[in-house]
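Next come the chains, spelled out residue by residue.
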Amino acid sequence: MAADISPRPQARKPVLLSKIEALQDVVNTAVIIPKEDGVISVSQDRTVRVWLKRDSGQYWPSIYHTMPAPCSCMSFNPETRRLSVGMDNGVVSEFILSEDYNKMTPARSYQAHQGGVTVVLFVLEMEWVLSTGQDKSFTWHCSESGQQLGTYRTTAWVSGLQFDVETRHAFVGDHSGQVTILKLEQDSCSLVTTFKGHTGNVTALCWDPVQRVLFSGSSDHSIIMWDIGGRKGTAIEMQGHNEKVQGLCYAPHTRQLISCGSDGGIVVWNMDVTRQETPEWLDSDSCQRCEQPFFWNFKQMWDSKKIGLRQHHCRKCGQAVCGKCSSKRSTIPLMGFEFEVRVCDSCHESITDEERAPTATFHDSKHAVVHMHYEPTRSWLLTSGADRVIKLWDMTPVVS
Ligand SMILES: [Zn+2]
Ligand SMILES: [Zn+2]
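Residue positions are given per chain, counted from 1 along the sequence in the order it is written. Written order decides the labels, with chains lettered from A and ligands numbered from 1. The model is predicted, so local features are restricted to residues of pLDDT at least 70 and side-chain atom pairs to those at 80 or more, both for listing and for counting; the totals for chains, interfaces and linings are taken over all residues.

Right, let's get into the UniProt feature "domain: FYVE-type" (unreviewed entry) in the protein chain. UniProt positions are given in the numbering used here, feature names are shortened, and annotations may be inferred rather than shown by experiment. Following the UniProt record, one finds the feature "domain: FYVE-type" (unreviewed entry) at residues 281-352. Helix numbers and strand numbers start at the N terminus; a helix is a DSSP run of H or I with at least 4 residues, a strand a run of E with at least 2. Strand forms 22% of residues 281-352 and helix 18%; the C-alpha atoms that close the span are 23 Å apart.

Secondary-structure assignment places Val 42 in strand S3 (residues 38-43). A C-alpha to C-alpha distance of 19 Å links Val 42 and His 113, two positions 71 residues apart in sequence. Ignoring sequence-local partners within four residues, the contact set of Val 42 consists of Asn 28, Thr 29, Val 48, Cys 71, Met 74 and Val 85. Remark: residues whose backbone-derived C-beta atoms lie within 7 Å of one another are considered to be in contact.

The next point concerns the confidence of the model for the protein chain. For every residue, the predictor states its confidence as a pLDDT score lying anywhere from 0 to 100. On average, the protein chain scores 91 in pLDDT, and the residues at 70 or more come to 96%. Every residue in residues 1-9 is under pLDDT 50, and counting partners more than four places away or in other chains gives six contacts.

Where each domain begins and ends follows an automated or database-derived domain assignment. One can read the domain layout of the protein chain as domain 1 (9-275 + 360-399) and domain 2 (282-358). Just the C-alpha atoms count here: the centres of domain 1 and domain 2 sit 40 Å apart. Contact with domain 1, which involves eight residues of that partner, is made by seven residues of domain 2. It is strand S21 (residues 235-239) that provides the largest number of residues to the side of domain 1 that touches domain 2, a total of four residues. A per-class count over the side of domain 1 that touches domain 2 returns four nonpolar, two polar and two charged. Side-chain classes follow a simple rule in which Ala, Val, Leu, Ile, Met, Phe, Trp, Tyr, Cys and Pro form the nonpolar group, Asp, Glu, Lys and Arg form the charged group, and the remainder, Gly included, forms the polar group.

Another aspect to go through is the pairing of strand S24 (residues 265-270). Here the C-beta atoms are placed from the backbone, and a residue counts as buried if at least 20 other C-beta atoms lie within 10 Å of its own, exposed if 12 or fewer do, and partly exposed otherwise. The buried count for S24 comes to five of six residues, which makes it a mostly enclosed element. The sheet contact formed by strand S23 (residues 256-261) and S24 spans five bridges and is antiparallel. Bridge pairing in S24 links Gln 256 to Asn 270. In this antiparallel pair of consecutive strands, S23 and S24, the connection spans three residues, and Gly 264 shows a positive phi of 85°. Between any two strands, pairing holds if DSSP finds at least two bridges.

A few words now on the sheet that holds S23. With antiparallel pairing, the four strands of this open sheet are ordered in space as S22-S23-S24-S29. A single partner strand is all that each edge strand has here, and the edge strands are strand S22 (245-251) and strand S29 (360-364). Each strand axis lies, on average, 15° off the axis of its neighbour in the sheet, ignoring direction. For helices, the axis comes from a line fit to the C-alpha atoms of the stretch in contact; other axes are also lines fit to C-alpha atoms, and the angle between any two N-to-C directions lies between 0 and 180 degrees.

Here it is as structure tokens:
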């Protein structure tokens, strides 16, 4: 072991605060109510529930409302206490919650999609309700009149949706693995560009409007950070989950990205470090270190009477190398590899212990996360699991 690696500032370990367990079915979306010891949940069992913390320390429903269909998604605006619920029957229903969170009043319902609603997002500034559905459409409605303003056909089912208020760009992540960027007008939209980087479904999107960075999480286990504000087209891949990424949240005041996965992992990424893009993989007919031919290079194999080798790639320099010249593994956190990956021997020697120091912390939520929500004012994290349990975590930095 080399010299001690000094602990990263702001390293934090989530502290389990509460569990909400009285659930018949999986909660598809749940949010923490800011400034209130409360949680709103919508579930496959068709219920909308508001949970308030009681004197006993436990959360009990103050509102228990049954909807006409399973509830797949929701959006809650704390300022107006407006709750928009998307259902499997394609309907979006909106409610206003009372100040004490003991009552909810229906505001409006409309058929937003022909199939189940997959994501709903209320944008207060525009008075828009954005939604996506299994009918492969993205629509936006006026939250005041309930009128549909516009629609756009997506290439596949959408499971991630974010909106930038300032420039009116919508980010739409779908099951084909691509992220579509649309510029919305009052009643029309135009395609700006598409981002392709994932090999699996896009499962979550998170937009940081200050640094103008978009994070996308995927069933391919990876997260990609798309630097839009930097205007250099950098896309940095971050590998820290063993299964599909299910949720992403950015904590602006601590500059941390929090990701949750169906592996139960909660990963807290330090975004104060500058990460590099991974290199393009180079192609070669022979190992770029020992010059032994790869197995398809029959000419050189014949000429030099050598056995062909299998081609591998060093994740750090991108060179095509044989197995013998890349027998070692290393983490390369500054390239997003928090897990050990193949590197060539010369890169292995050149990576310093400092470079190997993790830029993320890893925690176990002990349930397969299906949804997460982060409340920045108290640094609370909510995870909803496949085990039908909601867990509340305190993410405040812990001094070690
Ligand atoms: Zn070699
Ligand atoms: Zn290398």
